[in-house]
Amino acid sequence: MLIQNLADLPLPTQPTRSWSAPASEAPETSDDPSIIRFRHYCALPRARQLLALGQPLEIGSRAFDLLIVLLESRGTLVTKKEIVKRVWPSTLVEDSNLRVQMTALRKVLGKDGDIIKTVPGRGYMFAAETVQEPLASLSSEPSVREPPTVAVIDDDRNVREALHSLLRSEGLRVELFGSIPEFLDNIRSALPDCVVLDVWLPGQSGLDFHEDLVRAKLRLPVVFISGHADVPMSVRAMKSGAVEFLTKPIRRRDLLRAVRQAIALSSTAPF
């Protein structure tokens, strides 16, 4: 029966994933119709929007103003006095308020927050490369690739939620499933880019499911996780073509490295 279910899964073709803002949300034009790109971000000063992999991020007004000041001064020191003058032109601001807003900005950027360098006693510097382009280049792009999708299959709710938080913080789309039947019943039109799969699951084990995938010739990169593992088990998983076999508790960097490798095998989506 499981093989029949697998036969109903979509073939692992390269998905066409795109995100674009509705017409009503299109950025306004201005005398300076430009966008500023850095890493996988796109800042739209006029629309006061920050996008990551094409998706809007929640960012406070002051934190966005700070970002624009730093972007426009990339590679050069911006003193605290200059920042206050440009962000709070008519307000008396304490140094602690500036630090709070800078912390908020770094939090929005997540793991990329370190591109904002603090020069003690002087100010701040933006340390990443930036590219300024006409706003028209954003609307002329046929699509902005959506983030890769990672499916997590684990019967432990706490593990699922922890992995969801970690992977989402890396800009990934995450889908959670408590069992293999739940995953099969909710499969989308396109397979995920990676599956983080627990070995011990109710009913069919993760190892057996993975071998069924291989026999069905479904190319689905799998990263195994397990709280109780032995050498024969990990050897079996790797011989079947698993990307990695990790034991709990899992180190953040090991999981992210394995997920990156899996995504690289399934698509060319940036991560």
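Residues numbered from 1 in each chain as written. Predicted model: local features only at pLDDT ≥ 70, side-chain atom pairs only at ≥ 80, totals over all residues. Heavy atoms only, no water.

**Digging into the pairing of strand S9 (residues 149-153)**
Summarising burial for S9: five of the five residues are buried, a large majority. The alternating pattern of S9 places Thr-149, Ala-151 and Ile-153 and Val-150 and Val-152 on opposite faces, both of which are buried. As paired strands, S9 and strand S10 (residues 173-177) are joined by five bridges and run parallel to one another. Directly across from Ile-153, in S10, lies its bridge partner Phe-177. (Buried < 20%, exposed > 50% of the residue type's maximum accessible area, 1.4 Å probe, protein only. Helix = DSSP H or I, 4+ residues; strand = E, 2+ residues; numbered from the N terminus. Pairing = 2+ DSSP bridges.)

**Considering the sheet that holds strand S13 (residues 244-247)**
Ordered in space as S10-S9-S11-S12-S13, the five strands form an open sheet in which the pairing is parallel. Both edges of this open sheet fall to S10 and S13, since each of them pairs with a single strand only. Each strand axis lies, on average, 20° off the axis of its neighbour in the sheet, ignoring direction. One ladder, built from four bridges, connects strand S12 (residues 222-226) with S13; its direction is parallel. Counterpart to Val-223 in the pairing with S13 is Glu-244. Across the sheet, helix H10 (residues 252-266) is in contact with S9, strand S11 (194-198), S12 and S13; its angle to S11 comes to roughly 135°. (Axes fitted to C-alpha atoms, helices over the stretch in contact; angles between N-to-C directions. Contact = heavy atoms within 4.5 Å.)

**Examining the side chain of Ser-34**
Its location among the elements puts Ser-34 in strand S1 (residues 34-38). The exposure class assigned to Ser-34 is buried, which follows from its relative accessible area of 10%. Separated by 3.3 Å, the side chains of Ser-34 and Gln-132 make a polar contact. (Polar contact = N/O pair within 3.5 Å; in protein donor to acceptor, adjacent residues only side chain to side chain.)

**Observations concerning the packing of aromatic side chains**
Tallied over the entire structure, the rule returns five aromatic pairs. Taking the centre distance of 5.0 Å and the plane angle of 20° together, the rings of Phe-38 and Tyr-41 count as stacked. Ring geometry for Phe-224 against Phe-245: centres 6.0 Å apart, planes inclined by 35°, an arrangement best described as tilted. With a gap of 21 residues between them, Phe-224 in strand S12 and Phe-245 in strand S13 connect regions that are remote in the sequence. Neither residue differs from the other here; Phe-224 and Phe-245 are each classed as buried. Members of the aromatic cluster, joined through ring pairs, are Phe-38, Tyr-41 and Phe-126. (Phe/Tyr/Trp six-rings, centres within 6.5 Å; stacked < 30°, edge-to-face > 60°.)

**Re the nonpolar core**
If you look at the biggest cluster of nonpolar residues, it comprises 29 residues, and the most contacted ones within it are Phe-38, Leu-50, Ile-83, Met-102, Leu-105, Ile-116 and Phe-126. Of all the secondary structure elements, the ones that give two or more residues to this core are S1, strand S2 (41-44), strand S3 (49-52), helix H2 (61-72), helix H3 (80-87), helix H4 (95-109) and strand S7 (123-126). Ranked by residues supplied to this core, first place goes to H2 with eight residues. Within the second largest apolar cluster, 22 residues are counted, among which are Val-199, Leu-201, Leu-218 and Phe-245. (Core = buried A, V, L, I, M, F, W, Y, C linked by side-chain atoms within 4.5 Å.)

**Digging into the packing of helix H6 (residues 157-169) against H10**
Relative placement of two packed helices is described by the angle separating their axes and the distance separating the axes. Contact geometry for H6 and H10: axes closest at 11 Å, N-to-C directions at 65°. Of the two possible hands of crossing, H6 and H10 adopt the one that is right-handed. Contacts from Leu-163, Leu-166, Leu-167 and Ser-169 in H6 reach Arg-252, Leu-255, Leu-256 and Val-259 in H10. Looking at the contact of H6 with H10, its residues break down into six nonpolar, one polar and one charged. (Left-handed = near helix turned anticlockwise from the far one by under 90°. Nonpolar A, V, L, I, M, F, W, Y, C, P; charged D, E, K, R; others polar.)

**Digging into the pattern of salt bridges**
A full pass over the atoms with the stated rule returns 17 salt bridges. Of the charged contacts in the structure, one is a salt bridge between Arg-48 and Asp-65, with a shortest N-O distance of 2.8 Å. With Arg-48 in the loop between S2 and S3 and Asp-65 in helix H2, this residue pair connects regions lying 17 residues apart in the sequence. Overall, Asp-65 belongs to the buried group, its relative accessible area being 18%. Of the charged contacts in the structure, one is a salt bridge between Glu-170 and Arg-252, with a shortest N-O distance of 2.9 Å. Residue Glu-170 is located in the loop between H6 and S10, and its partner Arg-252 is located in helix H10; the two are separated by 82 residues in the primary sequence. Residue class for Arg-252 comes out partly exposed when judged on its relative accessible area of 45%. Here the residues in one salt-bridge network are Arg-39, Lys-111 and Asp-112, joined through shared partners. (Salt bridge = Lys/Arg side-chain N within 4 Å of Asp/Glu carboxyl O.)

Read these as layout, nothing more, since geometry by itself doesn't imply function.
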